[in-house]
Amino acid sequence: MSTPTSRRSFLKHSTLASAAAAFPALVRGQNLNSKLQVACVGVNGMGYSDLHNVGSHAAVKFVGFCDVDANRFDKADKEFPGVKHFSDYREMFTTLGDGFDAVTVGIPDHMHAPVAVAAMQHGKHVYCQKPLAHTVWEARQMRLWAEKKNLTTQMGNQIHSSIEYRMGTRLIKEGAIGKIKEVYSWVGVTGNERTRMFQPPPSAPVPANLNWDLWIGAAPMREYAPSYHPFIWRDWQDFGGGGLGDFGCHIMDPVFTALDLTAPISVHAKNSGINNQIWPTHETVNYVFPGTQYTAGKTMKLTWMDGGLKPSHKLAQMPGDIDLPGSGSIFIGEGGTMVLAHVAGPRLYPLDKFTGFKYPKEEGRSHWHTWVDACLASKKTSDGFHYAGPLAETVQLGNVATRLAIPKIDPITGRMEEANKVLEWDAANLKFPNAPEADALLTKTYRKGFEVAAA
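The following refers to the structure shown. (Residues numbered from 1 in each chain as written. Predicted model: local features only at pLDDT ≥ 70, side-chain atom pairs only at ≥ 80, totals over all residues. Heavy atoms only, no water.)

A word on the sheet that holds strand 16 (residues 423-424)
Heads up, the condition is: Here, a strand pair is defined by DSSP locating no fewer than two bridges between the strands. Each helix is a run of H or I in the DSSP string that is no shorter than four residues. Each strand is a run of E no shorter than two, and both are numbered from the N terminus. Residue contacts are counted whenever heavy atoms from the two residues lie within 4.5 Å of one another. To obtain an axis, a line is fitted to C-alpha atoms, over the contacting stretch when the element is a helix, and the angle between two such axes runs from 0 to 180 degrees between their N-to-C directions.
Strands sit in the order 13-12-11-7-10-9-8-16 across an open sheet of 8 strands; the sheet is mixed. Unpaired on one side and paired on the other, strand 13 (347-349) and strand 16 mark the two borders of the sheet. Pairing of strand 7 (residues 180-187) with strand 10 (residues 299-306) involves 6 bridges; the strand directions are parallel. Pairing of Val183 across the sheet is with Leu302, part of strand 10. On the sheet, helix 8 (residues 163-173) packs against strand 7, strand 11 (328-333), strand 12 (336-341) and strand 13 and is oriented at approximately 165 degrees with respect to strand 12. Relative to the sheet, helix 14 (residues 385-404) contacts strand 8 (266-271), strand 9 (283-290) and strand 16, its axis offset from that of strand 8 by approximately 50 degrees.

Written out as structure tokens, the structure is:
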């Protein structure tokens, strides 16, 4: 320490040590080859889309590809040859050890949290596909682990970074239609649209290329059927989240961003009929949120619809010859309405009021590159788990309400009656004060070896 050189050396190593404590994966990556070393769990479908876009960043090097189906590596291998294959994410994490910095998770919903939490326990940055988690409790743990380990995270609702959604949220925040009184969001697709089944299908021999035990993962074991893998799993409650789980984190994302929403204070659902296997054909979920600086009142109502249901055309104040989009949101403001289609630019109504309105210039961003850059810079993204966690919790709260919304027939009148009530939500304590029977649906039982650790 007596010479300037030794002092500089000491300060350099002290700085690296401090950085390693805060962002250990980043420092490892810089020491290895100055690139972000990424392992991918799920390499086809959305998993491939994520690795393709992440891999287009010049500072990314892939070090491991993991998929339970040996036939689904072809696209990833063609674009990024020579990356080692794994079928079990746990084996990949152990084998790579300190040789990777970050993980992408692009697999069925029921395995998001087991994989992402395991990665974060290893100190790895995480990019995880929407809806982030399969239950409310899992979404909470995802957020808490990211905070505990001080990691850079991102939910894979890529339209968060698109020019269309960025423009829409900007217009709301800048007061183009005044403070917001109410919002309606909807999507055309829903659960059971693809399967048309209400009970498990007949079993079939497991294909030689598929590790069915690993595919089932955290879910209760059931026999293989082609109706589950590789895509239709989303309609089954054990694996997916139906229409709300599929699109809620996309379509409600600009609502959350524009209005700075946090957790709802109540949720209520009604649907076309549901059992304990499949999601309903269509549903309506009513949320009430605390008001913010961008809302007109102390509370604000958000209504979700799917399966072909839409809000009234009159609510949008649109001309009669213009149809509502197949999916999107209506923001009802004190000074007009905004229709934000999924995915298209925002439109303001009534037309006569906004004739000549000049839309500000906005730019889209690469959702994937934003995450990579943030990992390298030791920063958070706007769609990190600190934000995406509460959004994912809201989506899964809707699914809790839906699972309780089993219509009953009055034996005297023969009329269909709603069986559930408005569920009051205590986000801080993770429970329903007026409906303790619903608390059990906030989490689930895990198969041994695929548990999710509490943060």
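Considerations on unusual backbone geometry
Residue Lys130 is joined to Pro131 through a cis peptide bond whose omega torsion reads 5 degrees. Considering the arrangement of structural elements, one finds Pro131 in the loop between strand 5 (125-129) and helix 7 (136-149). The backbone phi angle of Asp260 is positive, close to 55 degrees, even though this residue is not glycine. The topology assignment puts Asp260 in the loop between helix 11 (253-259) and strand 8.

Observations regarding the environment of Val452
The line we're drawing: Note on exposure labels: buried denotes an accessible area under 20% of the residue type's maximum, exposed denotes more than 50%, and partly exposed covers the range between, all computed with a 1.4 Å probe on protein chains only.
Structurally, Val452 can be placed in the segment after strand 16. The buried category is assigned to Val452, whose relative accessible area is 9%. A C-alpha to C-alpha distance of 6.7 Å links Val452 and Val117, two positions 335 residues apart in sequence. Beyond its immediate stretch of four places on either side in the chain, Val452 contacts Ala113, Pro114, Val117, Trp137, Glu138 and Tyr446.

Here we look at the layout of surface pockets
As a reminder of what qualifies: Here a cavity denotes a set of grid points, spaced 1 Å apart and computed over the protein atoms alone, in which a 1.4 Å probe fits but from which it cannot get out, and a pocket denotes an open set meeting protein on both sides within 12 Å along at least five of seven lines; residues with an atom within 4 Å of a point are reported as lining. Grid points are joined across faces, edges and corners, and a volume is the space filled by probe spheres set on the points. The nonpolar class holds Ala, Val, Leu, Ile, Met, Phe, Trp, Tyr, Cys and Pro. Asp, Glu, Lys and Arg form the charged class, and all remaining residues, Gly among them, are polar.
The computed volume of the largest pocket comes to approximately 630 Å³. Lining the largest pocket are 36 residues, with Asn44, Gly106, Ile107, Pro108 and Trp233 positioned closest to its centre. Among the secondary structure elements, those contributing two or more residues to the lining of the largest pocket are helix 3 (46-55), helix 6 (112-121), helix 9 (212-216) and helix 10 (242-251). Its residues assigned to classes, the lining of the largest pocket shows 16 nonpolar, 12 polar and 8 charged.

Topic: the state of the cysteines
Counted only if it meets this: Note on disulfides: each one is a pair of cysteine sulfur atoms within 2.5 Å.
With the rule as written, the count across this model stands at 0 disulfides. Among the cysteines around Cys66, which has no disulfide bond, Cys40 carries the closest sulfur, lying 9.9 Å off.

Regarding helix 6
Among the 10 residues of helix 6, 9 are classified as buried, and the element is accordingly described as predominantly covered. Looking at helix 6, one finds that the buried residues are His112, Ala113, Pro114, Val115, Ala116, Val117, Ala118, Ala119 and Met120. Where helix 6 terminates, the next one or two residues include Gly123, which has phi positive at roughly 80 degrees.

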